[in-house]
Amino acid sequence: MESKLVWTIMKVLNWTKQYFAKKGVENPRLDAEILLCAVLACERINLYVDFERPLSDEELARFRGYVLRRGDQEPLAYILGEKGFMRNSFKVNRATLVPRPETELLVENIIHLAEQVGGDVKILDIGTGSGAIIVSLLDYLPQAKGVGVDISLEALTVARDNAQRIGVLDRCGFIRSDVFSKVPMDKKFDIIVSNPPYIPAADIAGLAQDVQQEPRGALDGGVDGLDFYRRITAEAADHLVEDGLLAFEIGYDQGEAVAALCREAGFSRTIVLKDYAELDRMVFGAKEGGKYADLLLEITK
Ligand code: SAM
Ligand code: GLN
């Protein structure tokens, strides 16, 4: 009788790597390892130590399910149900954009600026998604308070859950709102931050297939990608203290256009900062003479 083929860690990884490569998955080996670790509840190093360990039928079945999903270009973070951002793991699902490493740079810059003005700041995050930005800011700034808004109720459920798990829910409110529409006018914020949808609508079809599985409402920034910057800059002053700060993530070619929108709205001191790939990725704006205006100049030095 022929003996049953034993699927060891090594065999499973080799098979999956080839399958992913054929399916056009960007990091075939790495993704195979990460998914197998999720099934075996181990670290990647353990896979190498235990190469000859056979998988049980139940482990194989779960792994196969994950592999099919990733082969269909479902983002890894949706399969795992979480994504690391700053020092925490954020729950994510199909209602939320997967938080990006570039966005950590935006958060780090805001933490730096807020600390220099004492850290006791009120922050509004527009289009909060998983809550990655506002929850991280409150996590690193223990005296800060915040509000996250999103038009998606499902995203807000995820954001609130993340705020609770990371321990900042007592300092963070969440509002379902179309940009500022439901944000109370009587509350003024020190900082308004947003990573809004900024992909030009016609470019979405050309994005990587896994990005296209993220919510269209998290990506689509209108014809030129700038719709949300127009809306936010037009109303920002109504919701900001006089010497407040505007902080945006932007698309790689939107730096000048978004800085110009900030200036037209009276935030005449603007800076554009780059990401790890040396592409423009952030715009900050403040009014001349306000406490953030000089701090912005120092960042670019
Ligand atoms: N802040 C998260 C991050 O950085 O990972 C998510 C950013 S995602 C690019 C943009 C978010 O804006 C999505 O969660 C989307 O639901 C939300 N959004 C889209 N249109 C909106 C609107 N009109 N008002 C408020 N939020 C909106
Ligand atoms: N950073 C995302 C991407 O490159 C876009 C997110 C957004 O529109 N804010 O796909």
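Note that this is a predicted model, so its numbers are computed, not measured.

Novice: Even after reading the chapter, I still don't get the overall build of the chain, so can you show me in this structure?
Specialist: Scanning the chain from terminus to terminus reveals 12 helices and 9 strands. The principal-axis extents of the C-alpha atoms in the chain amount to approximately 85 × 40 × 40 Å. Each of the 301 residues in the chain was classed as buried or not, and the buried ones make up 51%. Relative to all contacts within the chain whose residues are 6 or more apart in sequence, the contacts with residues 24 or more apart total 64%. Carbon and sulfur atoms make up 51% of the accessible area of the chain, which totals about 14300 Å².

Novice: Just checking my understanding: could you explain the site of ligand 2 for this structure?
Specialist: Surveying the vicinity of ligand 2 reveals the residues R100, N195, P196, P197, Y198, I199, V211, A218 and L219. With respect to ligand 2, the side chain of R100 contributes an N or O atom lying 3.2 Å from an oxygen atom. P196 places a main-chain nitrogen or oxygen 2.7 Å from a nitrogen atom of ligand 2. Relative to its unbound accessible area of 300 Å², ligand 2 is 87% covered by the protein chains. A breakdown of the residues in the shell around ligand 2 according to their chemical character gives 7 nonpolar, 1 polar and 1 charged.

Novice: So what exactly am I meant to see when it comes to the environment of R94 here?
Specialist: Among the structural elements, R94 can be located in the loop between β2 (88–91) and α6 (101–116). Apart from the residues lying within four places of it in its own chain, the contact partners of R94 are E74, Y78, Q213 and P215. At 2.9 Å, the side chain of R94 forms a polar contact with the side chain of Q213.

Novice: What am I meant to see in the packing of aromatic side chains here?
Specialist: Both the distance between ring centres and the angle between the ring planes are used here to describe each pair of aromatic rings. Summed over the entire model, instances satisfying the criterion amount to 5 aromatic pairs. With a centroid separation of 6.2 Å and 45° between ring planes, the pair formed by Y19 and F20 is classed as tilted. Both residues of the pair, Y19 and F20, count as buried. Plain terms: the ring middles of Y48 and F51 are 5.3 Å apart, the flat faces sit at 50° to each other, and that makes the pair tilted. The exposure class assigned to F51 is partly exposed, which follows from its relative accessible area of 22%. The rings of W15, Y19 and F20 are connected pair by pair, giving a single aromatic cluster. Here R87 stacks its cationic end above the ring of Y140, 4.0 Å away from the centre of that ring. The ring of F267 carries K287 above its face, with NZ or CZ at 5.5 Å from the centroid.

Novice: It is not clear to me how the sheet that holds strand β8 (residues 269–274) should be interpreted in this structure. Could you clarify?
Specialist: Hydrogen bonds between backbone groups are what pair the strands of a sheet, and the pairing can be parallel or antiparallel. Sheet architecture is open: 7 strands sit in the order β5-β4-β3-β6-β7-β9-β8, paired in mixed fashion. Of all strands in the sheet, those with a lone pairing partner are β5 (172–176) and β8, marking the two edges. Averaged over neighbouring strand pairs, the angle between their axes works out to 15° when direction is ignored. With 5 bridges connecting them, strand β6 (residues 189–194) and strand β7 (residues 240–249) associate as parallel partners. Looking at the pairing, I192 lines up with L246 of β7. Across the sheet, helix α7 (residues 132–140) touches β3 (122–126), β4 (145–150), β5 and β6, and the angle it forms with β4 is around 175°. Docked against the sheet, helix α8 (residues 153–166) engages β4 and β5, running at close to 175° with respect to β5.

What counts and what doesn't
- Residues numbered from 1 in each chain as written.
- Chains lettered and ligands numbered in written order.
- Predicted model: local features only at pLDDT ≥ 70, side-chain atom pairs only at ≥ 80, totals over all residues.
- Heavy atoms only, no water.
- Helix = DSSP H or I, 4+ residues; strand = E, 2+ residues; numbered from the N terminus.
- Buried < 20%, exposed > 50% of the residue type's maximum accessible area, 1.4 Å probe, protein only.
- Contact = heavy atoms within 4.5 Å.
- Areas by Shrake-Rupley, 256 points an atom, 1.4 Å probe, with all protein chains shown as cover.
- Near = heavy atom within 4 Å.
- Polar contact = N/O pair within 3.5 Å; in protein donor to acceptor, adjacent residues only side chain to side chain.
- Nonpolar A, V, L, I, M, F, W, Y, C, P; charged D, E, K, R; others polar.
- Phe/Tyr/Trp six-rings, centres within 6.5 Å; stacked < 30°, edge-to-face > 60°.
- Lys NZ or Arg CZ within 6 Å of the ring centre and 35° of its normal.
- Pairing = 2+ DSSP bridges.
- Axes fitted to C-alpha atoms, helices over the stretch in contact; angles between N-to-C directions.

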